[in-house]
Amino acid sequence: MLGKAGIGLTSCGRHAFSPPVLSISGVSKSFAGRVLFKDASMQVNRGDRIGLVGVNGAGKTTLFSLILGQDSPDEGSVSLQRGATVGFLPQESAPAGDE
């Protein structure tokens, strides 16, 4: 579990002894007095397959913004292994009927 808001993270990794590709350590993030993460930590190793799930407003997009460097945590650190790249397809909203 990542954060108080209820974001679930599952991982199926095979390379437990390689250095992490992504490391999130002691991250806290709040918006308008609402705590999304408090002292959250996780790591993703090469070869891991992960799934990130949570209800609307739980902080999934905020977590990606932190990983991509588009936003900064209030506390803690987010680091990527040198040479690692992150692919991200942003969520787009289309007015009804314009799908």
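Residues numbered from 1 in each chain as written. Predicted model: local features only at pLDDT ≥ 70, side-chain atom pairs only at ≥ 80, totals over all residues. Heavy atoms only, no water.

Whenever I open this one, the pairing of strand 2 (residues 20-31) confuses me. Can you help?
Within a regular strand, side chains alternate between the sheet's two faces. Bridge analysis of strand 2 against strand 3 (residues 34-45) gives eight bridges, and the strand direction is antiparallel. Each residue of the ladder has a partner; that of Phe31, found in strand 3, is Arg34. Hairpin connection between strand 2 and strand 3: a loop of two residues separates the two successive antiparallel strands, and Ala32 in this loop has a positive phi of roughly 50°. Pairing geometry for strand 2 and strand 5 (residues 75-80), over five bridges, is antiparallel. Across the sheet, residue Ser28 finds its bridge partner in strand 5, namely Glu75. (Pairing = 2+ DSSP bridges. Helix = DSSP H or I, 4+ residues; strand = E, 2+ residues; numbered from the N terminus.)

What's the story with the sheet that holds strand 3 in this structure? I'm lost.
Neighbouring strands of a sheet are bound in pairs by backbone hydrogen bonds; such pairs are parallel or else antiparallel. Taken together, three strands build an open sheet; the order of strands is 3-2-5 and the sheet is antiparallel. Every interior strand has two partners, whereas the edge strands, strand 3 and strand 5, have only one. Within this sheet the neighbouring strands show an average axis-to-axis angle of 15°, counted without direction. Across the sheet, helix 1 (residues 60-67) lies against strand 2, strand 3 and strand 5, angled at about 125° from strand 2, the strand it touches most. (Axes fitted to C-alpha atoms, helices over the stretch in contact; angles between N-to-C directions. Contact = heavy atoms within 4.5 Å.)

Sorry if this is basic, but what is going on with the pattern of salt bridges here?
Opposite charge on two side chains makes pairing possible when the charged atoms of those side chains draw close. Applying the stated rule across the entire model yields two salt bridges. Put simply, Lys29 and Asp71 hold a salt bridge, and the shortest N to O gap is 3.3 Å. Of this pair, Lys29 sits in strand 2 while Asp71 is found in the loop between helix 1 and strand 5, placing the two residues 42 residues apart along the sequence. Among the salt bridges present, the one from Asp74 reaches Lys29, with a minimum N-O distance of 3.7 Å. One end of the pair, Asp74, is in the loop between helix 1 and strand 5; the other, Lys29, is in strand 2, with 45 residues separating them in the sequence. (Salt bridge = Lys/Arg side-chain N within 4 Å of Asp/Glu carboxyl O.)

None of the figures reported here should be taken as evidence of function without further support.
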